[in-house]
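Working through the structure, step by step
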Amino acid sequence: MSILRGVSDDLPLDRWLKEVIWPLEGKMTREMARAGIGLSLIESIRSGTTAFSDMYHLAREDAHELAVASGLKAQLTRGMITAFSNEQENEQKLQQASEFAKAMNNDSTGRLRGALFPHAPYTNSLSFLHRVRDVAESERLDVQIHIAETEKEVKEHVQQFGKRPVEHLLAEEIIGKGSLLVHSVHVTDDELEQMHKASVNVSHNPQSNLKLGSGIAPVEKMVDQGIVVSLGTDSAASNNTLDVFTEMRQAAMLHKGTSKRAEAITANDAFKMATVNGNKSIGFHKSGLIKEGYDADFILLDAKAPHLQPYRNRVGTVVYAANKNDVTDVYVNGQAVMQNRVIVTLDEEKLLYKANRAQQELLGIHV
């Protein structure tokens with residue numbers, strides 16, 4: 001979705017999707033989607049990302065190919081929206097998603113994982129989500145889903161089912177241990193307790209939630225409950241960056257302001273979200289720490305930058321002062337992905353050119 005960056009700003013989620021994003025996605029070709037994937041990988045590497053999760057319905061083979069070429073770790077999924085298609089088409093989508101997820105888990109590089117990712121409860125019927133649950137259980141696949149992002153979504157779910165979306169999907173066992181709940185902005189204390197007991201993970205997307213006016217997730221309560229919270233961007237179309245440094249800083253700062261407690265989310269909490277928790281949330285349990293027995297995934301920063309001086313309290317300095325432009329090197333499994341600010345696995349100039357051309361073509365801009 002990176003080629004949709006900047007095409008729709010300052011709209012709430014419902015209008016953002018229905019008025020701009022979905023109509024444009026209906027015109028997007030595989031080649032355009034591939035260009036967006038390439039751009040996303042370049043931006044991710046430059047902002048120090050070593051592992052990521054990606055959900056989309058187009059160009060999955062291209063996502064696989066480019067992720068392998070990039071050298072990064074990735075959880076790749078085939079997203080599913082079934083509210084606008086018939087039962088036969090929906091079953092085909094689920095079969096494709098399952099086969100793709102299994103292929104990712106069996107990828108020879110060992111750097112890829114798969115999962116099932118129905119887009120959201122409001123874009124998939126309950127009966128289809130039951131089918132996702134059944135396939136996930138039989139194929140031993142994790143489930144990810146966007147959930148409880150807006151008050152409108154929660155209100156409409158309660159009106160239809162008599163339960164809030166998180167408590168409902170937990171009760172139906174559609175989500176459970178290992179599931180990744182993206183957003184989880186509007187959840188109650190009871191739901192948080194249920195989430196902890198079920199061992200689900202949460203992807204906190206502070207900047208997307210702020211930009212779309214969706215609200216602020218109760219992350220301090222999640223951390224207190226012992227829920228594994230990681231960081232997400234929800235795409236450059238709604239954010240408008242894939243920069244983990246800004247997400248990390250926002251996560252640390254935002255909840256101090258809302259709670260009026262400077263210790264609400266500490267630098268260590270935010271740093272953990274950006275590192276070990278992020279890896280754990282998408283199934284990479286031996287990544288995210290510099291520790292014996294863990295994969296050699298790490299980045300280097302230019303500690304001589306003026307805004308990082310004097311260089312003390314390293315975690316606090318990284319969280320509150322560092323930015324993506326400080327990243328000089330990225331290594332995954334001990335292999336260089338970027339060295340001395342030069343990406344060595346992908347052709348950056350070519351991919352940036354293709355991404356710009358793809359957006360121009362999608363928007364009908366003639367240059």
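Overview of the structure. Please read all numbers here as calculations on a predicted model, not as lab measurements.

What follows concerns the sheet that holds strand S6 (residues 180–183). Read across the sheet, 4 strands follow the order S5-S6-S7-S8 without closing on themselves; strand pairing throughout is parallel. At either end of the open sheet lies a strand with only one pairing partner, and these are strand S5 (144–147) and strand S8 (228–231). When strand polarity is set aside, the average angle formed by the axes of neighbouring strands in this sheet is 30 degrees.

Computed from the structure, the second largest pocket encloses a volume of approximately 320 Å³. Around the second largest pocket, the lining is made up of 17 residues, and of these Asp 14, Lys 18, Tyr 122, Lys 152 and Glu 156 lie nearest the centre. Taken together, the elements giving at least two residues each to the lining of the second largest pocket come down to helix H1 (13–25) and helix H6 (151–161). Top contributing element to the lining of the second largest pocket by residue count: H1, with 5 residues. Grouping the constituent residues of the lining of the second largest pocket by class yields 8 nonpolar, 4 polar and 5 charged.

Another point: the environment of His 186. Mapped onto the fold, His 186 is located in the loop between S6 and helix H8 (189–198). Once the C-alpha coordinates of His 186 and Gln 309 are considered, the two residues, 123 residues apart in sequence, prove to be 39 Å apart. With sequence-adjacent residues up to four places away left out, His 186 is seen in contact with Ala 148, Glu 149, Thr 150, Glu 151, Val 154, Arg 164, Glu 191 and Ser 214.

Every α-helical turn comprises 3.6 residues, leaving residues that sit three or four positions apart pointing alike. Every buried residue belonging to helix H12 (residues 267–274) is among Ala 267, Ala 270 and Met 273, and all of these are buried. Down the axis, H12 shows its buried residues gathered within 125 degrees of arc, on one side only. Contact partners of the buried residues in H12: helix H10 (219–225), S8, helix H11 (244–259), helix H13 (276–281) and helix H14 (314–320).

Let us now look at the sheet that holds strand S12 (residues 342–343). Taken together, the 4 strands give an open sheet; going across it, the order is S9-S10-S11-S12, and neighbouring strands pair in antiparallel fashion. Unpaired on one side and paired on the other, strand S9 (298–301) and S12 mark the two borders of the sheet. In this sheet, strand S10 (residues 327–332) lies alongside S9 in antiparallel orientation, the contact comprising 4 bridges. Its bridge partner lying in S10, Phe 298 is registered against Tyr 331.

Another point: the environment of Arg 34. Residue placement: Arg 34 occurs in helix H2 (residues 30–46). Classification of Arg 34 as partly exposed rests on a relative accessible area of 26%. Leave out the neighbours within four places in its chain, and Arg 34 touches Ala 59, Asp 62, Glu 65 and Leu 66.

At their nearest, the axes of H2 and helix H3 (residues 60–70) sit 9 Å apart, and the two run at 30 degrees to each other. Relative to H3, the element H2 lies roughly parallel. Of the two possible hands of crossing, H2 and H3 adopt the one that is right-handed. Between H2 and H3, the residues in contact are Arg 30, Arg 34, Ile 37, Gly 38, Leu 41 and Ile 45 and Arg 60, Glu 61, Asp 62, Ala 63, Glu 65, Leu 66, Ala 67 and Ser 70, respectively. Taken together, the residues of the contact of H2 with H3 sort by class into 6 nonpolar, 2 polar and 6 charged.

Membership of the largest hydrophobic core comes to 80 residues, with the highest contact counts inside it found for Met 28, Met 195 and Met 222. Each residue touching Met 195, except ones within four places of it in the same chain, is listed here: Val 166, Leu 170, Leu 181, Ser 184, Val 187, Val 200, Val 202 and Ile 227. Among the nonpolar cores identified, the runner-up in size contains 11 residues, and Leu 116, Val 132, Ala 136 and Val 143 belong to it.

So, about the pattern of salt bridges. Any two side chains of opposite charge can pair if their charged atoms end up close together. Throughout the structure, instances matching the rule amount to 24 salt bridges. We note a salt bridge from Asp 14 to Lys 18, for which the minimum N-O separation is 3.2 Å. Residue Asp 14 and its partner Lys 18 are both found in helix H1; the two are separated by 4 residues, about one turn of the helix. Of the residues examined, Lys 18 reaches a relative accessible area of 47% and is grouped as partly exposed.

Relative to the helices and strands, Ser 8 resides in the segment before H1. On the basis of relative accessible area, Ser 8 is assigned to the buried category, the value being 3%. Those residues in contact with Ser 8, other than ones at most four positions away along the chain, are Trp 16, Val 20, Ile 21, Lys 211 and Ala 237.

What follows is about the environment of Met 80. As for its position among the elements, Met 80 is in strand S2 (residues 73–80). Residue class for Met 80 comes out buried when judged on its relative accessible area of 0%. When the C-alpha atoms of Met 80 and Asp 234 are compared, they prove to be 16 Å apart, with 154 residues separating the residues in sequence. Beyond its immediate sequence surroundings of up to four residues, Met 80 is in contact with Lys 93, Leu 94, Ala 97, Leu 116, Phe 117, Pro 118, His 119, Asn 124, Phe 128 and Val 132.

Its 19 residues give helix H4 (residues 87–105) an end-to-end C-alpha distance of 27 Å, which sits within 8% of 27 Å, the value for a rise of 1.5 Å per residue. Asn 90, Lys 93, Leu 94, Ala 97, Ser 98, Phe 100, Ala 101 and Met 104 are the residues of H4 that are buried. Buried residues along H4 cover an arc of 165 degrees about the axis, so they all sit on one side. For H4, exposure combined with an orientation more than 90 degrees from the buried face picks out Gln 88 and Gln 95. Of the surrounding secondary structure, the elements contacted by the buried residues of H4 are H3, S2, strand S3 (112–114) and helix H5 (126–139).

Conventions we followed
- Residues numbered from 1 in each chain as written.
- Predicted model: local features only at pLDDT ≥ 70, side-chain atom pairs only at ≥ 80, totals over all residues.
- Heavy atoms only, no water.
- Pairing = 2+ DSSP bridges.
- Helix = DSSP H or I, 4+ residues; strand = E, 2+ residues; numbered from the N terminus.
- Axes fitted to C-alpha atoms, helices over the stretch in contact; angles between N-to-C directions.
- 1 Å grid on protein atoms, 1.4 Å probe; cavity = no way out; pocket = protein on both sides within 12 Å on 5 of 7 lines; lining within 4 Å.
- Points joined across faces, edges and corners; volume = space filled by probe spheres on them.
- Nonpolar A, V, L, I, M, F, W, Y, C, P; charged D, E, K, R; others polar.
- Contact = heavy atoms within 4.5 Å.
- Buried < 20%, exposed > 50% of the residue type's maximum accessible area, 1.4 Å probe, protein only.
- Arc of directions from axis to C-beta.
- Parallel < 35°, antiparallel > 145°, perpendicular 65-115°, else oblique.
- Left-handed = near helix turned anticlockwise from the far one by under 90°.
- Core = buried A, V, L, I, M, F, W, Y, C linked by side-chain atoms within 4.5 Å.
- Salt bridge = Lys/Arg side-chain N within 4 Å of Asp/Glu carboxyl O.
- Expected span 1.5 Å × (residues − 1).

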